[in-house]
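Here is how the chains run, residue by residue.
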Amino acid sequence: MGEGSRRTRTLVALAVGLAAIVVVLGAYTRLVDAGLGCPDWPGCYGMILVPETADEIARAEAAFPESPVEADKAWPEMIHRYAAAALGLLVLVLAVLAVKDGQSWRLPVALVALVIAQGAFGAWTVTLKLWPQVVTIHLLGGFATLALLWVWWLRLRGRHWAVVPALARLSLTTLVVVVLQVALGGWLTANYAALACPDFPTCHGVWIPDMDFAAGFDIFQDVGPNYLGGLMSSDARVAIHVVHRAGAVAVLLFAGWLAFRLGARPMAWVLGGVLVVQLALGIANVIFALPLAVAVLHNAGAAVLLLVVLTVNYACHRSSA
C-alpha cells in the first residue's frame, strides 16, 4: 500500500469515528429537546458561539424575542453543528486527496454531495421548526454518511472476512430491513412517540391498542409554526410506536437468522451480540420511561447494527464477485 493510500485510510478511519460522534450528538440533541436551542443557522442568535454574557444575552433576546436564551439547550445544538462542520471539512479533504492520488472518485464525490445535503437539512431542521419529515431525513442522512465512510474504510482495509456467497440475498434483505427500522426510529423520535406505549410487551395494557395509522404516517401533515414536543394525537403516536415495535421483530427475525446462517464465524457472534444488546436497550427505553443514557445508546446501537450488517453484505459481495 502506497503512502497516499495509508494516509487516506487513516483519514477515512478518523472520519468514520467523527461521523459516529455526529450521529450520537444528533441523538443527544434531539433527546434533550435542544433541536431549537439556537433559533437561527448557522450561528446561534446571530453569534458564532452561544451567548453567555449579560450583554450577549440581551442582544440575542432582542433579536429573537420569541426564543429566550437557554444555554443548556444551545450548547448541545452548537457542539453538534461544530462536529458536523468538522466532518464535512474532513470529507472534502478526503475527496480532494482521492482525486489527487488517482483513486476512484465516485464514493468521495457522493460523500461530498451527501454532507452538503446534510448541511441544508440541518438548516431546514431549524428554520422549519423541527418539521418531522426534515428531521427524519436529516437523521437518515447522518446514518448514510457513516455507512458510506464505513464502506470506504472496508475497501481500503484490504483484509476481509470469508463469507458464504449464498448468504448475499439474505444479508441484503436484512440490510433493507435494518434501514427501514432506522427510518421508523427517526420518524418515531421526530414525532415524540417513544413513550406512546408506556408498557411492554403490551401497549396501554392491551395487545392491539387504539391506533390512527393515517395520521401517524401522514407525511403531508400540517405541523404548525413549531413542532417542538409534537402535535400528533395520542392514537397517531401509538400507531408509530407499534409499527416500530413490529419493525424490531422483523429485525430480530432477519438479523437473527443471518447470524445463525453465518455459523461459527466471528461476525455471527458480533451480529448476534449487537442484536441482543440493541433489543434490550429498546425494551429498557419503554420500561424505564426513556432514560437519556439508554436512549442515546439505543441510537448508537442502531448505527453499530447497521455497520455490522453492512460489513456482512460487503463480505458477501466480495465473495460472490
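To be clear, the structure that these remarks concern was listed above.
What you are looking at is a predicted structure, and each value in this text was computed from that prediction instead of being measured.

A. Structural detail: the overall build of the protein. A count of helices and strands for the protein gives ten helices and zero strands. Starting at the N terminus and walking to the C terminus, you meet the elements of the protein as α-α-α-α-α-α-α-α-α-α. Computed over the C-alpha atoms, the radius of gyration of the protein is 21 Å, within 12% of the 20 Å expected from 2.2 N^0.38 for a compact globule of 321 residues. C-alpha extents for the protein along the principal axes are approximately 60 × 55 × 30 Å. For the protein, the proportion of its 321 residues judged to be buried stands at 48%. For the protein, restricting intrachain contacts to residue pairs at least 6 apart in sequence, the fraction spanning at least 24 positions comes to 77%. Summed over all atoms, the accessible surface of the protein reaches about 15700 Å², with 71% contributed by carbon and sulfur. Measuring between centres, the 19 positive side-chain charges of the protein sit 23 Å from its 18 negative side-chain charges.

B. Focus on the packing of aromatic side chains. Within this structure, the stated rule accounts for four aromatic pairs. For the ring pair Tyr 45 and Phe 64, a centre distance of 5.6 Å and an interplane angle of 90° mean the geometry is edge-to-face. Here Tyr 45 is found in the loop between α1 (3–31) and α2 (54–63), whereas its partner Phe 64 is found in the loop between α2 and α3 (71–100), with 19 residues between them in sequence. Classification of Tyr 45 as buried rests on a relative accessible area of 5%. With relative accessibility at 24%, the residue Phe 64 sits in the partly exposed group.

C. Examining unusual backbone geometry more closely. A cis geometry characterises the amide bond from Trp 41 onward to Pro 42, with omega recorded as 5°. With respect to the element layout, Pro 42 can be found in the loop between α1 and α2. For Lys 129, which is not glycine, the phi dihedral falls at a positive 55°. Looking at the element boundaries, Lys 129 is found in the loop between α4 (106–127) and α5 (132–157).

The rules behind the values
- Residues numbered from 1 in each chain as written.
- Predicted model: local features only at pLDDT ≥ 70, side-chain atom pairs only at ≥ 80, totals over all residues.
- Heavy atoms only, no water.
- Helix = DSSP H or I, 4+ residues; strand = E, 2+ residues; numbered from the N terminus.
- Rg over C-alpha atoms; globule rule 2.2 N^0.38 Å.
- Buried < 20%, exposed > 50% of the residue type's maximum accessible area, 1.4 Å probe, protein only.
- Contact = heavy atoms within 4.5 Å.
- Areas by Shrake-Rupley, 256 points an atom, 1.4 Å probe, with all protein chains shown as cover.
- Lys, Arg positive; Asp, Glu negative; His and termini not counted.
- Charge placed at Lys NZ, Arg CZ, Asp CG, Glu CD.
- Phe/Tyr/Trp six-rings, centres within 6.5 Å; stacked < 30°, edge-to-face > 60°.

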